[in-house]
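A closer look at the structure
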Amino acid sequence: MLPSDLKLKQFNRYPPEARKLVTGYVAELQRLPLSFLPSLLREIIEYDFKFPAERHALEKELSNLSSLSTEQIKDWLQGFAQIRLSSQLENSDWVNAPGQFVEQLSSHLWTTHQLDAFRTAALAYADRLRAVVPPEPPPVPRLGITVIGQGTAAPEEPLFRKLRAHGAYFSGVKPDNGLELLLNTVAARAKAHPLPYAHWYIDGGQAAPHDPALTCVSYRGLEPARAALSTKIRAEIQRPGMGPEVLRTRLAQLRPADLGLAKAGDAVLDRFQVKMLTEGSGTQIFSTTFAQWTAREALRRAQPLTLLVRFAPRQRQKPMNEMLSASREVAELDPLGSLIDGDMGAYYNWLNLQRLTGAGHSSFLVWFEGHNEAVAIGPSLPRGTVSNAAAGLEQLLSWAS
């Protein structure tokens, strides 16, 4: 089947909100090249489980495609129209399984030496879409906070070396009740700007007591889901002929109910957590990877106004089969390695924050938990400076804003 053959009834298996959305755009979808359309359908079919920022972006993209004339569509998507597809791809159920089509398309592009042409077409389309539908600025400046080194002694090597050049390093921070203070600050922002999924608290260990206004994801809180996923992975890799590509496809088909998450009642957050565990490399095993990947995906997808990420000690590196085993032995922790992970993770969190709109007005704080070291970055703080003065975390946040 080709896009020109699309009928509304072929979307009957889509979730209700996605089906409602696509109803108004069937005529527009019929005009799109098959090499492009399934990528768009992959986003549409997940519409019910997307964050508000993602929904808004998808709605604007569909509206823009609807506004283009037939000649403009050809101009915008000419690179995609030149991609040669196999009969297997054309005959696949790309309407109801667009994600699987995109995976198979990637392999096809590689083997037919069309990957560069497809990438060029995708970048050209993204640039044009961004030009006519620019992202909207946040209602208030964004705030990112990263807490590292839980329960770890001061290392021999200096911390925050990658971040110091972008802000002010403080060595006289008052650590008393630091985490509680930061959580209260995040909660106050959530109450002042009560938008859905706009204020996050991500913990690589056990989540500390926090305000329910925050969207919270924690490594310890997802322990039953992680155990269920590890069991499924062990069962899959023992099947004859199982390879990494097939395993990836099987993991992509998992739903919250498969991991015991459907009882929580937040379908959007449940689906986010499943994707984070199944698409992230090591998120099921290492708490630091869990915190880093979850923060990355929350910033990329939800585009929050506030994000607090707390790194916790991870287990020590072992052979993969041992880490995926069903052993109930208490894992040996690696505090120093976890501190190094958290230090680099803080830098990545700051980089990902810079990719969002309004980055020039955003603020960022990284603190060595329980200690007197921190770096604050913000529009009002001079870069590459050092201060030994005693200061509370609340002062650092006020200076950075």
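Residues numbered from 1 in each chain as written. Predicted model: local features only at pLDDT ≥ 70, side-chain atom pairs only at ≥ 80, totals over all residues. Heavy atoms only, no water.

A look at the nonpolar core
Note the cut-off: Residue types Ala, Val, Leu, Ile, Met, Phe, Trp, Tyr and Cys, when buried and joined through side-chain atoms within 4.5 Å, form a set referred to as a nonpolar core. A 1.4 Å probe rolled over the protein chains alone gives each residue an accessible area, and that area as a share of the maximum for its type sets the label: buried under 20%, exposed over 50%, partly exposed in between. Residues count as neighbours in contact if any of their non-hydrogen atoms are within 4.5 Å of one another.
Counting residues in each nonpolar core, the largest one holds 46 residues, and the members touching the most others are Phe 160, Leu 163, Trp 200, Leu 222 and Val 366. The residues contacting Leu 222, other than those within four sequence positions of it, are Val 217, Leu 261, Gln 273, Met 276, Leu 277 and Phe 290. Counting residues in hydrophobic clusters, the runner-up holds 39 residues, among them Val 26, Leu 29, Trp 76 and Leu 129.

Here we look at the pattern of salt bridges
Test applied: Salt bridges are counted wherever a side-chain nitrogen of Lys or Arg sits within 4 Å of a carboxyl oxygen of Asp or Glu. For the purposes of this entry, the term helix denotes a DSSP run of H or I that reaches at least four residues, the term strand denotes a run of E that reaches at least two, and both are numbered from the N terminus.
By the definition in use, this model includes 20 salt bridges. The salt bridge involving Asp 203 is made with Arg 310; its shortest N-O contact spans 3.3 Å. Of the two residues, Asp 203 is situated in strand S4 (residues 199-203) and Arg 310 in strand S6 (residues 306-310); the sequence distance between them amounts to 107 residues. For Arg 310, a relative accessible area of 8% translates into the label buried. A salt bridge links Glu 297 to Arg 300, with the nearest nitrogen and oxygen atoms 2.7 Å apart. With Glu 297 and Arg 300 both in helix H14 (residues 287-302) and 3 residues apart, the pair spans about one turn of that helix. For Glu 297, a relative accessible area of 5% gives the class buried. Beyond isolated ion pairs, a larger network of salt bridges with shared partners links Arg 42, Glu 43 and Lys 50.

Points about the packing of aromatic side chains
Heads up, the rule is: Only Phe, Tyr and Trp rings are paired, with Trp represented by its six-membered ring, and only when their centres lie within 6.5 Å; those with planes under 30 degrees apart are stacked, over 60 edge-to-face, the remainder tilted. Whether a charge sits over a ring depends on NZ of Lys or CZ of Arg being within 6 Å of the ring centre and within 35 degrees of the ring normal.
Scanning all chains against the criterion turns up 13 aromatic pairs. Ring plane angle 85 degrees and centroid distance 5.1 Å describe the contact between Phe 11 and Tyr 14, whose orientation is recorded as edge-to-face. Just as Phe 11 is buried, Tyr 14 falls in that class too. Pairing Phe 80 with Phe 118 gives two aromatic rings, centres 5.3 Å apart and planes at 85 degrees, and the pair type is edge-to-face. Separated by 38 residues along the polypeptide, Phe 80 in helix H6 (residues 78-81) and Phe 118 in helix H9 (residues 115-132) bring together distant segments of the chain. In this structure an aromatic cluster arises from ring pairing among Phe 36, Trp 76, Phe 80, Phe 118 and Tyr 125. Against the face of Tyr 169 rests Arg 164, its NZ or CZ located 3.7 Å from the ring centre. The ring of Tyr 219 carries Arg 226 above its face, with NZ or CZ at 3.5 Å from the centroid.

As for the environment of Trp 399
Take Trp 399: it is sitting in helix H17 (residues 393-400). Given a relative accessible area of 37%, Trp 399 falls into the partly exposed group. Ignoring any residue separated from it by four or fewer positions in sequence, one finds Trp 399 in contact with Phe 170, Ser 380, Leu 381 and Ala 391.

Side note on the sheet that holds S6
Note the threshold: Here a strand pair is declared whenever DSSP counts at least two bridges between the two strands. Each axis is a line fitted through C-alpha atoms, and for a helix only the stretch in contact is used; angles between axes span 0 to 180 degrees, taken between their N-to-C directions.
The 8 strands are arranged S5-S4-S6-S1-S7-S8-S2-S9 in an open sheet whose pairing can be described as mixed. Where the open sheet ends on each side, the last strands, each with one partner, are strand S5 (215-218) and strand S9 (385-387). Across the sheet, the mean angle from the axis of one strand to that of its neighbour is 10 degrees, orientation sign disregarded. Taken together, the 3 bridges between strand S2 (residues 168-170) and strand S8 (residues 374-377) define a ladder with antiparallel strand orientation. Across the sheet, the residue bridging to Tyr 169 is Val 375, located in S8. Taken strand by strand, helix H16 (residues 335-354) contacts strand S1 (143-148), S6, strand S7 (363-368) and S8, and its axis lies near 175 degrees from that of S7. Relative to the sheet, H17 contacts S1, S2, S7 and S8, its axis offset from that of S7 by approximately 155 degrees.

Considerations on the pairing of S7
Judged by how many residues are buried, S7 sits mostly within the fold: 6 of 6 residues are covered. Of the two faces of S7, both are covered, the one formed by Ser 363, Leu 365 and Trp 367 as well as the one formed by Phe 364, Val 366 and Phe 368. Pairing between S1 and S7: 6 bridges, direction parallel. Of the residues in S7, the one forming a bridge with Gly 144 is Phe 364. Where S7 meets S8, 4 bridges bridge the pair, whose relative direction is antiparallel. Following the sheet pairing, Val 366 is matched in S8 by Val 375. Linking S7 back to S8 in an antiparallel pair, the connection comprises 5 residues, with Gly 370 at a positive phi of about 80 degrees.

Re helix H1 (residues 16-23)
Note the threshold: Taking the helix axis as origin, the arc is that swept by the directions to the C-beta atoms.
Within H1, burial applies to Ala 18, Leu 21 and Val 22. Buried positions in H1, seen along its axis, are confined to an arc of 95 degrees and lie on one side of it. Among the exposed residues of H1, those pointing more than 90 degrees away from its buried face are Pro 16 and Lys 20. On its buried face, H1 is in contact with helix H2 (26-29), helix H3 (37-44) and helix H4 (52-67).

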